Protein chains: 2
Amino acid sequence: MSTIRVELGPDSYDIVISRGVLSRAAEELNLNRKVLVVSDSGVPSQYVQTVLSQCKQGFSFVFPSGEESKTLKTFEKVLVCMMEHNFSRKDCVVAVGGGVVGDLAGFASASYMRGIDFYNIPTTVLSQVDSSIGGKTAVNLDSVKNIVGAFHQPKKVLIDPEVFATLPKRQISNGLSEALKMSATFDPELFDLFLKHDPFEQIDLVIEKSLLCKKNVVEKDEKEMGLRKVLNFGHTLGHGIESTLLDGSLYHGECVALGMIPMCAPDVREKLVRCLEKLELPTSYAFDEQKVKQAMGHDKKADGSKVSAVYVPQVGTFEIREMSLSELYGLLPLIQA
Amino acid sequence: MSTIRVELGPDSYDIVISRGVLSRAAEELNLNRKVLVVSDSGVPSQYVQTVLSQCKQGFSFVFPSGEESKTLKTFEKVLVCMMEHNFSRKDCVVAVGGGVVGDLAGFASASYMRGIDFYNIPTTVLSQVDSSIGGKTAVNLDSVKNIVGAFHQPKKVLIDPEVFATLPKRQISNGLSEALKMSATFDPELFDLFLKHDPFEQIDLVIEKSLLCKKNVVEKDEKEMGLRKVLNFGHTLGHGIESTLLDGSLYHGECVALGMIPMCAPDVREKLVRCLEKLELPTSYAFDEQKVKQAMGHDKKADGSKVSAVYVPQVGTFEIREMSLSELYGLLPLIQA
């Protein structure tokens, strides 16, 4: 068991990484009140039941899994559910699931009565690595992702590595891609673990170390004013590719994997590709170059025709480069299958 | 012209009270960017035009006036409007109108991209006195008021007393009721002004002084953990009455006027009633006692069957009394017509 303290003044909180913690949730969280457990249809229902059984007065709200559910409509339904059960400001919400569940439940708890306690129990590697830290909650509006939301820090995050037993390997790799990203920009030792050891075998440690990287970034930049840009390593090109694949043929982490490759110095790239191959992540893909360019031009992170992109000159370091869209377009052939 | 500085650390801001400031808004606010002016059909359209004409890139969103518009549906429309005009995090929202406009525009700016700049130009006495300070933004859900929202402080508030020229006297009295409330609990000098002078004549001063009272409360209790309860003076009974009058036959401030009367020591009550009469506010009303009791029992401020209610033993002081609902019900005949 290990605990990571995220220091954000009055909004500080702990992330507890411990095998079996799901069934001991009530020791870590104050469930002695009304609790709404929010989850989706992709999450094994025994996880929800395990948490509910530990609540004084537990209710559950389960919505259909998938990005299509991440709307103001579902947000409203969660709020109505709390209202109908007469939730007060002293009650709480627990998210059990992946990133969509955490984002949606987090925004609902940020907004209900202008903010009630929120606990997050991410059950995918991606959400453990990516959304345990940051306090970013949101829903989509029309086709624009995460455009409506709030910064709302959880009171505590529980990570139970035992849940990986029920995850397909591809899902695990999807999350490890974000951990690899963190190591490339901040932690040469963790990068070495990916390169020379078996990251699947040591997954508890990989998650802990990548969370420590992210913690340092977020503590310095809670409201995303500058430094947090480094977390976008691999995302500029990755998002471009992802937004053209409406069928979800690649996962988010797989797109980030592709997106990192061109953004490194050649010797870093060679090592990175070896790590990706070990993780069974793609190192090239047959995307529609025209569509990717179009999508990148409209990425909301773009500012005029110049884009801030993260470049890794050496493992464990990074530069923010102001690149023109055309420079970025020129990198696409490096990852075109 | 006077300026009140609300000290809330990094969220500190100024309230500028100045005749004609509406037409000098660009001197006070950064309108040199995309600006969404949010207003409703009850606000004279020249106010919106006056602000728009000072913006680099101004857009307006005007919704039908009334509490019925204060919904997630309208909230979504405001967000879609910003999205369609490609608002970035660096752009801003200006509310021009009463409390509904401020609450709705405030929540939209709190949520768009997880928070963009918000300026408030309240144009009713009630919203100037009541919602210039506090950072409370919200919409209603079904029939429950303000159940969804955020704390989001404005970057600046402009109060232009010249807008009173277009307000009916009853609307002005409605707002002054909240100012009188503030004076009864905090400011004997302001209470004396109500009692011995003409508050309509000295309205700029009345607004300034009641804002100073509220500022002191909110600075000490930004997130509404305790002291802010004093602002509910007159609201426990007042809300009970208000929520039974679905036809809006009494305004909010008029209900608060009624609600304050039983919650004072007898000699305070006698003076308070004289002030209310001078303001042409009601001192009794033919409400349906059964319905008021029912409504009070379900007031979300109630905690079990005991309720925290504010009592004024002497002008300028207050006590928080834990009263049973039945004690409160026993006070209703004092204001029954």
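### Structural notes on the side chain of A:E178
All names here are of chain A. Within the secondary structure, E178 sits in helix α6 (residues 169–186). Here K181 takes part through its side chain, which lies 2.8 Å from a polar atom of the side chain of E178. Reaching out from E178, the side chain makes a polar contact with the side chain of H252 at a distance of 3.0 Å. If we skip the residues at most four places from it in the chain, E178 touches L126, V129, D130, H235, H252 and V256.

### Here's the deal with the sheet that holds strand β2 (residues 13–17) of chain A
What holds strands together in a sheet is hydrogen bonding between their backbones, with the strands either parallel or antiparallel. Residues and elements named next belong to chain A. As summarised here, the arrangement of the 7 strands in space is β1-β2-β9-β6-β5-β3-β4, forming an open sheet in which the pairing is mixed. Strands at the two margins of the open sheet, each flanked by one partner only, are β1 (2–6) and β4 (57–63). The average undirected angle you get between the axes of adjacent strands in this sheet is 20 degrees. Pairing analysis gives 6 bridges linking strand β5 (residues 92–97) to strand β6 (residues 117–122), with the strands arranged parallel. Paired with A95 across the strands is N120, a residue of β6. Sitting on the sheet, helix α8 (residues 203–220) touches β1, β2 and β9 (156–159), and the angle it makes with β1 is about 10 degrees.

### Details of the pairing of strand β7 (residues 136–141) of chain B
Residue and element names in this part refer to chain B. Burial analysis of β7 places 5 of its 6 residues in the buried class, which makes it a mostly covered element. The pairing of β7 with strand β8 (residues 144–151) spans 5 bridges and is antiparallel. Bridge pairing in β8 links V139 to V148. With antiparallel pairing between neighbouring strands as the criterion, β7 and β8 make up a hairpin whose turn holds 2 residues, including D142 at a positive phi of roughly 50 degrees.

### Section: the interface of chain B and chain A
With 30 residues of chain B at the contact, the number on the chain A side is 30 residues. When the area that chain B buries against chain A is broken down by residue, the three leading residues are B:M83, B:R114 and B:I147, summing to 30%. When residues of the side of chain B that touches chain A are assigned to their parent elements, the largest contribution, 7 residues, is made by β8(B). For the side of chain B that touches chain A, the per-class residue count stands at 16 nonpolar, 4 polar and 10 charged.

### Re unusual backbone geometry
If you check the backbone angles, A:R114 has positive phi at about 65 degrees while not being a glycine. Assignment of secondary structure puts A:R114 in the loop between α4 (99–111) and β6. Here A:R114 falls in the buried class, since its relative accessible area comes to 11%. Phi at B:N86 takes a positive value of approximately 55 degrees, unusual for a residue other than glycine. Counting through the fold element by element, B:N86 comes out in the loop between α3 (72–84) and β5 (92–97).

Quick notes on the rules
- Residues numbered from 1 in each chain as written.
- Chains lettered and ligands numbered in written order.
- Predicted model: local features only at pLDDT ≥ 70, side-chain atom pairs only at ≥ 80, totals over all residues.
- Heavy atoms only, no water.
- Helix = DSSP H or I, 4+ residues; strand = E, 2+ residues; numbered from the N terminus.
- Polar contact = N/O pair within 3.5 Å; in protein donor to acceptor, adjacent residues only side chain to side chain.
- Contact = heavy atoms within 4.5 Å.
- Pairing = 2+ DSSP bridges.
- Axes fitted to C-alpha atoms, helices over the stretch in contact; angles between N-to-C directions.
- Buried < 20%, exposed > 50% of the residue type's maximum accessible area, 1.4 Å probe, protein only.
- Buried area = accessible area lost by both parts, 1.4 Å probe.
- Nonpolar A, V, L, I, M, F, W, Y, C, P; charged D, E, K, R; others polar.

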